[in-house]
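# Observations on the three-dimensional arrangement
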Amino acid sequence: MNNKSLDLLLKNIFDFSGLQIVKNNKLAEVFVHKSILNEDSSFDKSYEQLEFLGDAVIELVISDFLFLQDDIQNEGELTIKRSLIVRKSTLAKISEKMNLDNFVYSGSGIDIILGPERESILADVFESLCGYIYLFMGFDDAKKFIINSLRNEIEHLENLKDIKDSKSILQEILQKKGIDVPVYKLRTISSKDEEISFEAKVYCNNKLLATADGKRKSIAEQKAAEKAIFNLKNSL
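Structural notes, computed from the coordinates. (Residues numbered from 1 in each chain as written. Predicted model: local features only at pLDDT ≥ 70, side-chain atom pairs only at ≥ 80, totals over all residues. Heavy atoms only, no water.)

Across its full length, the protein chain holds nine helices and three strands. Relative to the globule expectation of 18 Å for 236 residues, the C-alpha radius of gyration of the protein chain, 19 Å, shows essentially globular dimensions. With the C-alpha coordinates of the protein chain rotated into their principal frame, the extents come out at 60 × 45 × 25 Å. When each of the 236 residues of the protein chain is scored for burial, the buried share is 41%. Residue pairs at least 24 apart in sequence account for 56% of intrachain contacts in the protein chain once pairs closer than 6 positions are excluded. By element, 50% of the accessible surface of the protein chain is carried by carbon and sulfur atoms, the whole surface being about 13,500 Å². The averaged location of the 38 negative side-chain charges in the protein chain is 5 Å from the averaged location of its 32 positive side-chain charges. (Helix = DSSP H or I, 4+ residues; strand = E, 2+ residues; numbered from the N terminus. Rg over C-alpha atoms; globule rule 2.2 N^0.38 Å. Buried < 20%, exposed > 50% of the residue type's maximum accessible area, 1.4 Å probe, protein only. Contact = heavy atoms within 4.5 Å. Areas by Shrake-Rupley, 256 points an atom, 1.4 Å probe, with all protein chains shown as cover. Lys, Arg positive; Asp, Glu negative; His and termini not counted. Charge placed at Lys NZ, Arg CZ, Asp CG, Glu CD.)

What follows is about the pairing of strand 3 (residues 207-214). As judged from the seven bridges shared by strand 2 (residues 196-204) and strand 3, these two strands associate in the antiparallel manner. When the bridges of strand 3 are listed, Glu 199 appears paired with Asp 213. Here strand 2 folds back onto strand 3 in antiparallel fashion, the turn holding two residues, of which Asn 205 has a positive phi close to 50 degrees. (Pairing = 2+ DSSP bridges.)

For the rest of this paragraph, the subject is the packing of aromatic side chains. We describe a pair of aromatic rings using the distance from one ring centre to the other and the angle between the two ring planes. Counted according to the given criterion, the structure contains four aromatic pairs. Centroid distance Phe 43 to Tyr 105: 4.8 Å. Interplanar angle 50 degrees. Geometry classified as tilted. Placement of Phe 43 in the loop between helix 1 (3-17) and helix 2 (48-67) and of Tyr 105 in the loop between helix 4 (88-97) and helix 5 (118-137) is noted, with a sequence separation of 62 residues between them. Seen from the ring of Tyr 184, Lys 167 lies directly overhead, with NZ or CZ sitting 4.7 Å from the centre. Seen from the ring of Tyr 203, Lys 185 lies directly overhead, with NZ or CZ sitting 5.0 Å from the centre. (Phe/Tyr/Trp six-rings, centres within 6.5 Å; stacked < 30°, edge-to-face > 60°. Lys NZ or Arg CZ within 6 Å of the ring centre and 35° of its normal.)

For helix 8 (residues 166-176), the complete set of buried residues consists of Ser 166, Leu 170 and Leu 174. Considered in projection along helix 8, the buried side chains sweep an arc of 70 degrees and stay on one side of the axis. (Arc of directions from axis to C-beta.)

Let us now look at helix 5. Between the first and last C-alpha of helix 5 there are 28 Å, a value that for 20 residues agrees with the 28 Å anticipated at 1.5 Å per step. Judged by how many residues are buried, helix 5 sits mostly within the fold: 15 of 20 residues are covered. Phi turns positive one or two residues past the end of helix 5, at Gly 138, with a value near 100 degrees. (Expected span 1.5 Å × (residues − 1).)

Here we come to the sheet that holds strand 3. Strands sit in the order 1-2-3 across an open sheet of three strands; the sheet is antiparallel. Two strands lie at the open edges of the sheet, namely strand 1 (183-190) and strand 3, each paired on one side alone. Within the sheet, the average angular offset between the axes of one strand and its neighbour, ignoring direction, is 20 degrees. Note that strand 1 and strand 2 share eight bridges and pair antiparallel. Following the sheet pairing, Thr 188 is matched in strand 2 by Phe 198. (Axes fitted to C-alpha atoms, helices over the stretch in contact; angles between N-to-C directions.)

All we've got here are geometric facts, nothing functional implied.
Listed below in structure tokens is the structure:
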């Protein structure tokens, strides 16, 4: 990443979040997708470790923020709120607003502009950036960046009186139809590069409603429920 690109990146991040990012030789790694490692020997490491760290930091920051709110909330409601705030589609949109897609290094088989992997990669890059900020600037700056970036999502949730996740909504839809509650079946998936994810299948009366995968079991189940809701609405 040349100095001109780096300056533009830092400006985009500052304009959106109000945080001035420190520069070092680790920053470029935030944007390195694993697909380029076998094509360009100048890259020796992808963003996956920073993404792993950033995912944990985001979850901690949002959990802490929700916990410290004045109104008393039970664990279930807190979990639902957190999952809605940090879902992949939201993180990907934030990356788009900062134009982070312009700085991603990926292999020839990846289409970051129009490809189906776009949303996932952009969400990963946001998590990776959060991991970088935490690692080199500390928790307070990471918290500032995350809260400022997710401010609209947080405020939107605060205006909702009845918050429900996709699994709850699907169960209500089926119950209103007098149908049994949905059943979720999970299995672990290992990719060629040994990356672990989970596949969730949601059934009702032994009929498969939808299938989805995710990096965590809860994410896979929520995504499967979302697909099931969509399929049910389109079948009416």
